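So the chains spell out like this:
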Amino acid sequence: GENVEQHPSTLSVQEGDSAVIKCTYSDSASNYFPWYKQELGKRPQLIIDIRSNVGEKKDQRIAVTLNKTAKHFSLHITETQPEDSAVYFCATLDDYKLSFGAGTTVTVRA
Amino acid sequence: EAQVTQNPRYLITVTGKKLTVTCSQNMNHEYMSWYRQDPGLGLRQIYYSMNVEVTDKGDVPEGYKVSRKEKRNFPLILESPSPNQTSLYFCASSPRLVRGFNTGELFFGEGSRLTVL
């Protein structure tokens, strides 16, 4: 299956600063790249996704960028707030399944 | 309310005692899947189903079985649980999940925390 590497595994940021999480993948045929957020004790939920015909997508304070040539995509969170503290997972679509990265635990310090 | 429902939410069992975790969705989704979540390993797919009577292995299928007799239900069966199957399990569904075609958001259940002693 697809190999998705996610970095960093943990990220601590000061409230108001930006957070960036990067994922790399191996299958050049991948064309769908979602990001899921999992708050403590909760289920993962989709926060943003991007398809391969788009280089960047933005939704308020979060944005995703995609570099198909280099096979990596990144999540950017600006003006971080305490409610952004969670585990974030990137994923790629491999034929009929989503392959997830190992997750990044983001902690926003007040 | 659109949802994916898993039961039980918490279970402590002993090695070798067969158990079933049920999953049901009320969104008429074609695609259903089971994941296990372990610290540092993210979400790993166990089995998935494209539609009724169509199932296939994910990345970590050993020790698990599934069935898809009805569109809404996708139970996960552990015939002879072992301690290495202690984990947090998520069922998920999507309208359709096929590379190159329309893709849908994956909706997760609330999770089932299983401990095998």
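In what follows, the structure referred to is the one given above.
It should be emphasised that the depicted structure is a prediction, and the values quoted were computed from it without experimental measurement.

Caption draft 1: Structural context of the packing of aromatic side chains. With the rule as written, the count across this model stands at 13 aromatic pairs over all chains. A centroid spacing of 4.9 Å and a plane angle of 50 degrees characterise the contact between A:Phe33 and A:Phe73, whose relative ring orientation is tilted. Residue A:Phe33 is found in strand β4 (residues 32-38), and its partner A:Phe73 is found in strand β8 (residues 72-77); the two are separated by 40 residues along the sequence. For the pair shown, A:Phe33 and A:Phe73 are each scored as buried. One aromatic cluster in this structure is built from A:Tyr36, A:Phe89, A:Phe100, B:Tyr35, B:Phe90 and B:Phe108.

Caption draft 2: Structural view of a nonpolar patch on the surface. Residues B:Ile12, B:Val14 and B:Leu117 make up a contiguous nonpolar surface patch of roughly 320 Å² in combined accessible area. As for its placement among the helices and strands, B:Leu117 is situated in the segment after β11 (112-116).

Caption draft 3: Inspection of the pattern of salt bridges at higher detail. Scanning all chains against the criterion turns up 10 salt bridges over all chains. With a closest N to O distance of 3.0 Å, B:Asp59 and A:Lys97 form a salt bridge. Taken together, the positions of B:Asp59 in the loop between β6 (54-57) and β7 (65-66) and A:Lys97 in strand β10 (residues 97-100) put the pair across two chains. Here B:Arg36 ties to B:Asp38 by a salt bridge, and the two come within 2.8 Å at their closest N and O atoms. You can call B:Asp38 buried: its relative accessible area is 11%.

What counts, and at which threshold
- Residues numbered from 1 in each chain as written.
- Chains lettered and ligands numbered in written order.
- Predicted model: local features only at pLDDT ≥ 70, side-chain atom pairs only at ≥ 80, totals over all residues.
- Heavy atoms only, no water.
- Phe/Tyr/Trp six-rings, centres within 6.5 Å; stacked < 30°, edge-to-face > 60°.
- Helix = DSSP H or I, 4+ residues; strand = E, 2+ residues; numbered from the N terminus.
- Buried < 20%, exposed > 50% of the residue type's maximum accessible area, 1.4 Å probe, protein only.
- Patch = residues over 30% accessible without salt bridge, like charges linked within 9 Å, V, L, I, M, F, W, Y side chains within 5 Å.
- Areas by Shrake-Rupley, 256 points an atom, 1.4 Å probe, with all protein chains shown as cover.
- Salt bridge = Lys/Arg side-chain N within 4 Å of Asp/Glu carboxyl O.

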